[in-house]
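# Remarks on the overall topology
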Amino acid sequence: MTADKPIGVFDSGVGGLTVLKALRERLPGESLIYLGDTARLPYGTKSAATVSAYALQAADALVSLGVKALVVADNTSSAHALDVLRAHFPGLPVVGVVEPGAVAAGHASPHGRIVVIATESAVRTGTYPRSILHARPAARVAQVPCQLFVSLVEEGIVEGPIAEQVARHYLAPLLLDPPDSERGDCLLLGCTHFPALVPLLRRVFGPKVVIVDSATTTARAVEEVLENRHLAAPASDRPASVRYLVTDAPDRFARVSKIFVPWAIAPDGIETIELETLPETAG
Ligand code: DGL
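Note that the structure is a prediction, hence the values are computed from the model and not measured. (Residues numbered from 1 in each chain as written. Predicted model: local features only at pLDDT ≥ 70, side-chain atom pairs only at ≥ 80, totals over all residues. Heavy atoms only, no water.)

Let us now look at the overall build of the chain. The secondary structure content of the chain amounts to 11 helices and 10 strands. The C-alpha radius of gyration computed for the chain amounts to 18 Å, which stays within 12% of the reference 19 Å derived for 283 residues, consistent with globular compactness. Along the first, second and third principal axes, the C-alpha set of the chain runs to 55 × 45 × 40 Å. The burial tally for the chain puts 54% of its 283 residues in the buried class. Summed over all atoms, the accessible surface of the chain reaches about 12,300 Å², with 53% contributed by carbon and sulfur. Mean positive and mean negative side-chain charge positions of the chain (25 and 30 charges, respectively) differ by 5 Å. (Helix = DSSP H or I, 4+ residues; strand = E, 2+ residues; numbered from the N terminus. Rg over C-alpha atoms; globule rule 2.2 N^0.38 Å. Buried < 20%, exposed > 50% of the residue type's maximum accessible area, 1.4 Å probe, protein only. Areas by Shrake-Rupley, 256 points an atom, 1.4 Å probe, with all protein chains shown as cover. Lys, Arg positive; Asp, Glu negative; His and termini not counted. Charge placed at Lys NZ, Arg CZ, Asp CG, Glu CD.)

The next point concerns the pairing of strand S7 (residues 186–190). Most of S7 is tucked away, with 5 of its 5 residues classed as buried. What you see with S7 is no split at all: Cys 186, Leu 188 and Gly 190 on one side and Leu 187 and Leu 189 on the other are buried throughout. Of the strand pairs in this sheet, strand S5 (residues 113–118) and S7 are connected by 5 bridges, and their pairing is parallel. Paired with Ile 114 across the strands is Cys 186, a residue of S7. When S7 meets strand S8 (residues 210–213), the two strands line up parallel, connected through 4 bridges. Considered in S8, the bridge of Leu 187 is made with Ile 211. (Pairing = 2+ DSSP bridges.)

A few words now on helix H7 (residues 147–154). Judged by how many residues are buried, H7 sits mostly within the fold: 6 of 8 residues are covered. Phi turns positive one or two residues past the end of H7, at Gly 156, with a value near 80 degrees.

Where burial is concerned, most of strand S1 (residues 7–11) is hidden: 5 out of the 5 residues are buried. With burial as the criterion, each face of S1 is covered, one bearing Ile 7, Val 9 and Asp 11 and the other bearing Gly 8 and Phe 10. Handedness of the β-α-β unit built from S1, helix H1 (residues 17–26) and strand S2 (residues 32–36) comes out right-handed. (Right-handed = clockwise from strand over helix to strand, strands pointing away.)

Here the amide bond leading from Leu 41 into Pro 42 is cis, since omega sits at 0 degrees, within 30 degrees of zero. Checked against the element boundaries, Pro 42 lands in the loop between S2 and helix H2 (48–63). One non-glycine residue, His 230, lies in the positive phi region at around 55 degrees. Residue position: His 230 is located in the loop between helix H10 (214–228) and strand S9 (242–246). Located in the positive-phi region is Ala 249, a residue other than glycine, with phi close to 50 degrees.

With that out of the way, let us pick up the site of the ligand. Of all residues adjacent to the ligand, which total 13 residues, the nearest are Ser 12, Tyr 43, Gly 44, Asp 74 and Thr 76. Here a nitrogen atom of the ligand and a side-chain polar atom of Asp 11 are 2.8 Å apart. Within the backbone of Gly 44, an N or O atom sits 2.8 Å from an oxygen atom of the ligand. Computed on the free molecule, the ligand has an accessible area of 290 Å², of which 99% lies beneath the protein chains in the complex. A majority-of-atoms criterion places the ligand in the largest cavity. Class assignment for the residues of the shell around the ligand results in 3 nonpolar, 8 polar and 2 charged. (Near = heavy atom within 4 Å. Polar contact = N/O pair within 3.5 Å; in protein donor to acceptor, adjacent residues only side chain to side chain. 1 Å grid on protein atoms, 1.4 Å probe; cavity = no way out; pocket = protein on both sides within 12 Å on 5 of 7 lines; lining within 4 Å. Sits in = over half its atoms within 2 Å of the grid points. Nonpolar A, V, L, I, M, F, W, Y, C, P; charged D, E, K, R; others polar.)

This is the structure:
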């Protein structure tokens, strides 16, 4: 593994671009390969075995392209499969989004009343509460599966009455209805798509709720790992490259990407690949 290789980033689809954006902002000299498993999303409603098998296949495709580190941008895969991936690729730095977000929420929450919003499948693992309690043992953690948010964001419905009603439906019981001393004081965004909802969430739940976005905290964790392992990209005159791979529907990926990143991704610049089944690990 050498420092001039790219970093591999994978997600179930397009939402992991929030993590890619944070990586580009924090580590502008690093070349990146982004893989969105658009043929099989969502991961957030799937079983542990399926998510782990998919994550291994996606990681394997990136490793075969010679990446120097792997970023699991997908929260559902991070919650289910981080240990499996680390065991499968010994020596390769593997950074997920759960732990950096959990640690950041543990620090940021004023009174330790933390609300995690994530996909159904990620919530089922209990990985978020475990990681938060590890960082802040006295915290009180509640989790809410917010699957509808994923579809709303992909439709570009991130403001307005529909999005607001869904946000209230999921979160008013924890962030608005209880008395001040019982209310959640920190909202951890445990899903790739949710950073797009931050303006709405701030407006509906007010400035007292601290919002922690795992994309930016993950970029910081990646920087630290690269420095510790002497894998940070050497200074170069050439701009860092970003390569995009999907498993289906590059046109849709390009269109929906506009919700997540401010730069344009041209459909004909996106490569479509097939992921190999790994019989010894799948299932
Ligand atoms: N990327 C997923 C996550 O962060 C959300 C979309 C999906 O369910 O595949 O959990």
